[in-house]
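# Coordinate inspection notes
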Amino acid sequence: MPSNVAVMAATSVPQDIQCEVLERNGVAVVLFGTAHVSERSMRDAERLVNTLRPASVALELCASRQHILHYDLSQAVIRNHPEQSLARAMQAGGGSGMLTHLMEQLYGSLVETLGLEIIPGAEFAAANQAARHVGSLVSLIDRPINTTLKRLWHSLTFMEKIRFVWSLLTDDLSDITPEMIERLKETDVLTGLLEELAGELPNVWRTLVAERDLYLTHQLRLLADATSIRNIGQERGAIPAQLLHQFPMSLQQLIRAPFHQNILECNGQRLVVAIVGLGHVKGIKELWNQELDVNDVIEISHVPPTSALTYVRRAALIAAVPLATWMVYRRVKTGHFPGFSHISMPSLFKLT
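Residues numbered from 1 in each chain as written. Predicted model: local features only at pLDDT ≥ 70, side-chain atom pairs only at ≥ 80, totals over all residues. Heavy atoms only, no water.

Another aspect to go through is the overall build of the protein chain. Assigned secondary structure in the protein chain consists of 16 helices and five strands. Scored against the burial criterion, the 352 residues of the protein chain give a buried share of 50%. By sequence separation, contacts in the protein chain at least 24 residues apart represent 83% of the contacts at least 6 residues apart. (Helix = DSSP H or I, 4+ residues; strand = E, 2+ residues; numbered from the N terminus. Buried < 20%, exposed > 50% of the residue type's maximum accessible area, 1.4 Å probe, protein only. Contact = heavy atoms within 4.5 Å.)

Okay, here's the thing in structure tokens:
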């Protein structure tokens, strides 16, 4: 049976914003799933934070992506990073560098195709601005992107790497519309896409979705626990050292911080709003009340060592990139641009 704080959170959410309400140690976590290139997601994320005025706002970002928080949304201008060649990206980061480059190009092409003036991930910037306005503290809860991409690259077989890169190179974005992006936020459509990905490229699904579901759940539960301790400290005027030292330094600072008057006025001190890609909502819900093994979290937080055979395969893949690029160019010039598989990678990346 939901507690009073969970009921209060559920009834306070605007009726036209679809959220899930989770609970842990007397703290309600309002889980909001977004599409990362959706203008509506951006508006809803901002409105949700302004309405609930939670103690904390958790964002599916890591430290290396926190520059997204500082985008100027008032001008709604897409700000691209300086162009970097594929060869230079691979030289700097190997296979994971290539994936980063291709995914950035994919997002850029998607935004250009749709004619959007929305920055991928703009909902995080909007939520951050709203949090600063109402006095909520912001926590970044995603696994470092470099770790995710390196683990992804390491998990793929040689042929899976070829297939995955080919899919990124050849996916046709011309048929995607803003309406389709919003429709992808429907649970049944998204479930079908993720099941297809799990069947066609299981290692990609495991690394991009399942592992991050676990990581996000662990971080979000830590934040809920820290918020609960924070309330105890505010009520008693002190926090026992043994409780405080159970948390990483960033959360210790959060626990010590007093609540802003805006938060206290609307009883938001026991609320956390979590904004994540919609593709993670189902996994977080399923894991929320399960007993998690911290060793599993530690394992997915590291990159496995690279074997000698991997270096040989990497060299072969680097040699194959110019040929693949030339083949894509020829297909574009001749009007033939089929996807390599039935999976629409752009559709999935927007939601994870």
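This next bit is on the pattern of salt bridges. Tallied over the full model, the rule gives 15 salt bridges. Here aspartate 225 makes a salt bridge to arginine 24, at a shortest N to O gap of 2.8 Å. A residue pair is termed long-range when its members are at least 10 positions apart, and aspartate 225 in helix H9 (residues 202-236) and arginine 24 in strand S1 (residues 19-24) qualify at 201 residues. Residue classification places aspartate 225 among the buried positions, given a relative accessible area of 14%. Relative accessible area serves as the criterion here: at 24%, arginine 24 is assigned to the partly exposed category. Arginine 143 is paired through a salt bridge with glutamate 211; the nearest N and O atoms lie 2.7 Å apart. With arginine 143 in the loop between strand S4 (137-140) and helix H5 (145-155) and glutamate 211 in helix H9, the pair connects residues that are 68 residues apart, well separated along the chain. Each of the two residues, arginine 143 as well as glutamate 211, counts as buried. Salt bridges sharing common partners tie together Arg143, Arg151, Arg206, Glu211 and Glu299. (Salt bridge = Lys/Arg side-chain N within 4 Å of Asp/Glu carboxyl O.)

Our focus in this paragraph is H9. Given a rise of 1.5 Å per residue, 35 residues ought to cover 51 Å, and the 49 Å separating the end C-alpha atoms of H9 matches this to within 8%. Approximately 30° is the largest bend angle found in H9, and it occurs at arginine 212. H9 sits mainly inside the fold: 26 of its 35 residues count as buried. One or two residues past the end of H9 sits glycine 237, with phi positive at roughly 85°. (Expected span 1.5 Å × (residues − 1). Bend = angle between axes of the 7 residues up to and from the residue.)

Attention now goes to the sheet that holds S4. If you walk across this open sheet you meet the five strands as S1-S2-S5-S3-S4, and the pairing is mixed. In this open sheet, the two strands that pair with only one neighbour each are S1 and S4. If you compare each strand with its neighbour and ignore which way they point, the axes differ by 25° on average. Where S1 and strand S2 (residues 27-34) come together, six bridges link them in antiparallel fashion. (Pairing = 2+ DSSP bridges. Axes fitted to C-alpha atoms, helices over the stretch in contact; angles between N-to-C directions.)

Another aspect to go through is the packing of H9 against helix H11 (residues 249-256). Helices that pack against each other are described as a pair by the angle of their axes relative to one another and the distance between those axes. For the pair H9 and H11, the least separation of the axes is 8 Å and the interaxial angle reads 35°. Considering only the axes of H9 and H11, their crossing is right-handed. Along the contact surface, H9 presents Leu222, Leu223, Ala226, Ile229, Arg230 and Gln234, while H11 presents Leu251, Leu254, Ile255 and Arg256. For the contact of H9 with H11, the residue count by class is seven nonpolar, one polar and two charged. (Left-handed = near helix turned anticlockwise from the far one by under 90°. Nonpolar A, V, L, I, M, F, W, Y, C, P; charged D, E, K, R; others polar.)

Coordinates in, geometry out; function isn't part of it.
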